Amino acid sequence: MAPLPVFSGSMKPGGARWMWLRRGLAVLAAGGLGLFALSHLVRLSYEDRIVPLEQAPQAPVALVFGAGLARGAVPSPVLAQRLDAAIALWQQGKVQTVLVSGDQTKPFHHETRAMRRYLVEHGVPESAVQGDEAGLSTYDSCLRASTVFGAKRAVLVTQRFHLTRALFIANSVGIDAWGVAADEGRPTPWRYQVRETLSRVLALAMVMLEVEPAYPSGRTVLPER
């Protein structure tokens with residue numbers, strides 16, 4: 001009787017497939033660590049410019065980022081939180097103008113209109129409110145605030161998890177920016193933290209590549225203090 005063939009396939013610990021699997025896992029691990037390191041670098045870059053509302057420096061403008069609408073075309077709870085912080089900044093004389101930046105390119109989704117209406121209904125005069133209807137992303141909002149609206153110094157208003165990325169972008173595109181966390185003292189949901197890890201790396205790439213905003217045209221100059 002002939003001897004049975006000896007199996008020498010890929011399941012052996014020393015087989016070729018096992019070796020490539022280990023190499024692939026090592027590359028993925030290195031890539032993940034690299035992304036985490038870059039994200040951490042962006043997070044730390046301007047973290048010292050996040051201050052309590054009462055300690056915010058005076059600036060010509062507060063830049064408020066859109067965060068979606070709720071039923072009835074009113075600001076979502078997250079967005080209302082940002083707008084309330086901007087109202088407080090204006091009431092305390094920290095800023096002269098509130099620039100609301102959001103996505104108004106889709107039918108029946110007038111984000112900036114709802115933001116402006118909310119501010120006026122809560123005591124901010126219409127003359128002190130400006131809207132950027134083409135703030136499709138944090139990057140676009142910051143770059144357009146600088147190039148279209150002429151903002152050179154600003155207080156950024158958003159939630160803490162988003163603020164480090166916004167500050168990195170704004171300061172990188174020519175705005176002397178400080179930040180006020182609209183949710184100061186409140187915990188950040190883990191899903192936002194995971195999303196920001198990747199979003200910060202994307203922001204770094206966009207700044208380095210000097211990506212143009214989706215809608216780069218138009219110019220409105222904000223008042224100088």
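Notes on the structure follow.

## Notes on the sheet that holds strand β5 (residues 129–132)
Across the sheet, five strands lie side by side as β5-β4-β1-β6-β7; this open sheet has parallel pairing. In the strand order of this sheet, the two ends are held by β5 and β7 (176–181), each with one partner. Looking at each pair of strands side by side, their axes are set apart by 25 degrees on average, direction ignored. Across four bridges, strand β1 (residues 59–65) lies against strand β6 (residues 153–158) in parallel orientation.

## Here we look at the side chain of R82
Here R82 is to be found in helix α2 (residues 77–91). No salt bridge forms around the buried R82; measuring N to O, its nearest opposite-charge neighbour E111 is 7.0 Å away.

## Quick look at the pattern of salt bridges
Between side chains of opposite charge, a pair can form when the charged atoms approach closely. This model, assessed by the stated rule, comprises five salt bridges. For the salt bridge of E47 with R160, the shortest nitrogen-to-oxygen distance reads 3.8 Å. In this pair, E47 is assigned in the loop between α1 (16–45) and β1 and R160 in helix α5 (residues 160–172), connecting sequence segments 113 residues apart. Accessibility expressed as a relative area gives 34% for R160, which makes it partly exposed. When the shortest N-O distance is used, the salt bridge between D176 and R49 registers 2.6 Å. Within this pair, whereas D176 is found in strand β7, its partner R49 is found in the loop between α1 and β1, the two being separated by 127 residues in sequence. In this structure, a network of salt bridges that share partners links the residues R49, R153 and D176.

## Some words on the layout of surface pockets
Taken as a whole, the largest pocket encloses approximately 400 Å³ of empty space. Lining the largest pocket are 22 residues, and of these G66, A67, R82, T138 and H162 lie nearest its centre. Every element with two or more residues in the lining of the largest pocket is listed here: α2, α4 (138–147), α5 and α6 (190–209). Taken together, the residues of the lining of the largest pocket sort by class into six nonpolar, eleven polar and five charged.

## What about the environment of A170?
Within the secondary structure, A170 sits in helix α5. Considered as a pair, A170 and V207 are 37 residues apart in the sequence and their alpha carbons are 9.7 Å apart. Excluding its chain neighbours within four sequence positions, the residues that come into contact with A170 are C142, L156, I175 and A177.

## Quick word on the packing of α4 against α5
Following both chains from N to C, one finds α4 and α5 inclined at 40 degrees, their axes separated by 9 Å at the closest point. Taken together, the axes of α4 and α5 lie oblique to each other. Between α4 and α5 the crossing geometry is right-handed. Across from T138, Y139 and C142 in α4, the residues of α5 making contact are H162, R165, A166, I169 and A170. Residues that form the contact of α4 with α5 fall into these classes: five nonpolar, two polar and one charged.

## Describing α4
Within α4, nine of the ten residues are buried, leaving the element largely enclosed by the surrounding structure. All buried positions along α4 are accounted for by T138, Y139, D140, S141, C142, L143, R144, A145 and S146.

The rules behind each value
- Per chain, residues are indexed from 1 in the order of the written sequence.
- For a predicted model such as this one, the threshold for reporting local features is a pLDDT of at least 70, and the threshold for listing and counting side-chain atom pairs is 80 or more; totals across whole chains, interfaces and linings nevertheless cover every residue.
- Just so you know, side-chain values use all the structure's heavy atoms and leave hydrogens and water out.
- Pairing between strands requires that DSSP locate at least two bridges from one strand to the other.
- Going along the chain from the N terminus, every DSSP run of H or I of four or more residues is numbered as a helix, and every run of E of two or more is numbered as a strand.
- Note on geometry: axes are lines fitted to C-alpha atoms, helical ones only across the stretch in contact, with angles between N-to-C directions running from 0 to 180 degrees.
- We call a residue buried when its accessible area falls under 20% of the maximum for its residue type, exposed when it is over 50%, and partly exposed in between, using a 1.4 Å probe and counting protein chains only.
- Here Asp and Glu are counted as negative and Lys and Arg as positive; His is not counted, and neither are the chain ends.
- What counts as a salt bridge is simple: a side-chain nitrogen of Lys or Arg found within 4 Å of a carboxyl oxygen of Asp or Glu.
- Lining residues are defined by having an atom within 4 Å of a point belonging to a cavity or pocket. Those points lie on a 1 Å grid over the protein atoms alone, cavities being sets where a 1.4 Å probe fits but cannot get out and pockets being open sets with protein on both sides within 12 Å along at least five of seven lines.
- Grid points are joined across faces, edges and corners, and a volume is the space filled by probe spheres set on the points.
- Any residue that is not Ala, Val, Leu, Ile, Met, Phe, Trp, Tyr, Cys, Pro, Asp, Glu, Lys or Arg is counted as polar, Gly included; the first ten are nonpolar and the last four charged.
- In this description, contact between two residues means that some pair of their heavy atoms is separated by no more than 4.5 Å.
- Any angle that is under 35 degrees is reported as roughly parallel, and any over 145 degrees as roughly antiparallel; angles of 65 to 115 degrees are reported as roughly perpendicular and all others as oblique.
- What makes a crossing left-handed is the near helix being turned counterclockwise from the far one by less than a right angle; a clockwise turn instead makes it right-handed.

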